[in-house]
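# Residue-level structural notes
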Amino acid sequence: MIIQICVGSSCHLKGSPEIVELLKKAVEEHNLESEVTLAGSFCIGKCNRLGVTVQVDDEIYTGITKENFKEFFKENVLSVITGERK
């Protein structure tokens, strides 16, 4: 699984450095280092007014914040890796 975090100007101002750190910690906590590759992207092209844009494989998610991060990670990373999400 490849997770790209937008680190462009707009997302940087909306907290992408925090989201990068949260992703690093979550990947380590769940021992997913061999299954997940984290990468930065200067623009994914789906800017919105709130939060950061993150791409998980071919799916793009907008509005990721530190407040909704745990739900995002559980629903869009853990559930995909464990096969709970179809």
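Structure: see above.
Residues numbered from 1 in each chain as written. Predicted model: local features only at pLDDT ≥ 70, side-chain atom pairs only at ≥ 80, totals over all residues. Heavy atoms only, no water.

### Let's talk about the packing of aromatic side chains
Across all of its chains, the model carries three aromatic pairs by this definition. On the basis of an interplanar angle of 50° and a centroid distance of 6.4 Å, the ring pair of Phe69 and Phe72 is categorised as tilted. Residue Phe69 and its partner Phe72 are located together in helix 3 (residues 69-81), separated by three residues, close to a single helical turn. Residues Phe69 and Phe72 agree in their burial class; the two are buried. (Phe/Tyr/Trp six-rings, centres within 6.5 Å; stacked < 30°, edge-to-face > 60°. Helix = DSSP H or I, 4+ residues; strand = E, 2+ residues; numbered from the N terminus. Buried < 20%, exposed > 50% of the residue type's maximum accessible area, 1.4 Å probe, protein only.)

### Description of the sheet that holds strand 4 (residues 59-64)
With respect to topology, four strands assemble into an open sheet ordered 2-1-3-4, the strand pairing being mixed. The outermost strands of the open sheet, each flanked by one partner alone, are strand 2 (37-41) and strand 4. Pairs of neighbouring strands in the sheet enclose a mean axial angle of 25°, with direction left out of account. Judged from the five bridges that link them, strand 1 (residues 2-6) and strand 2 form a sheet pairing that is parallel. Paired with Gln4 across the bridge in strand 2 is Ala39. Docked against the sheet, helix 2 (residues 16-29) engages strand 1, strand 2, strand 3 (52-56) and strand 4, running at close to 160° with respect to strand 1. Contacting strand 1, strand 3 and strand 4, helix 3 crosses the sheet at an angle of about 170° to strand 4. (Pairing = 2+ DSSP bridges. Axes fitted to C-alpha atoms, helices over the stretch in contact; angles between N-to-C directions. Contact = heavy atoms within 4.5 Å.)

### Brief notes about the side chain of Asn76
In this structure, Asn76 sits in helix 3. The exposure class assigned to Asn76 is buried, which follows from its relative accessible area of 9%. Polar contacts involving the side chain of Asn76 include one to the side chain of Tyr61, which spans 3.2 Å. (Polar contact = N/O pair within 3.5 Å; in protein donor to acceptor, adjacent residues only side chain to side chain.)

### Re the state of the cysteines
By definition, a disulfide links the sulfur atoms of two cysteine residues through a covalent bond. The tally for this structure, following the rule as stated, stands at zero disulfides. You can see Cys6 has no disulfide; the closest cysteine sulfur is in Cys11, sitting 3.5 Å from it. Free cysteine Cys43: the closest other cysteine sulfur is in Cys47, separated by 4.5 Å. (Disulfide = S-S within 2.5 Å.)

### Some words on helix 3
The end-to-end C-alpha distance of helix 3 is 17 Å, a good match for the 18 Å that 13 residues give at a rise of 1.5 Å each. The largest bend in helix 3 is about 25°, located at Glu75. Every buried residue of helix 3 is accounted for by Phe69, Phe72, Phe73, Asn76, Val77, Leu78 and Ser79. Of the surrounding secondary structure, the elements contacted by the buried residues of helix 3 are strand 1, helix 2, strand 3 and strand 4. Where helix 3 terminates, the next one or two residues include Gly83, which has phi positive at roughly 80°. (Expected span 1.5 Å × (residues − 1). Bend = angle between axes of the 7 residues up to and from the residue.)

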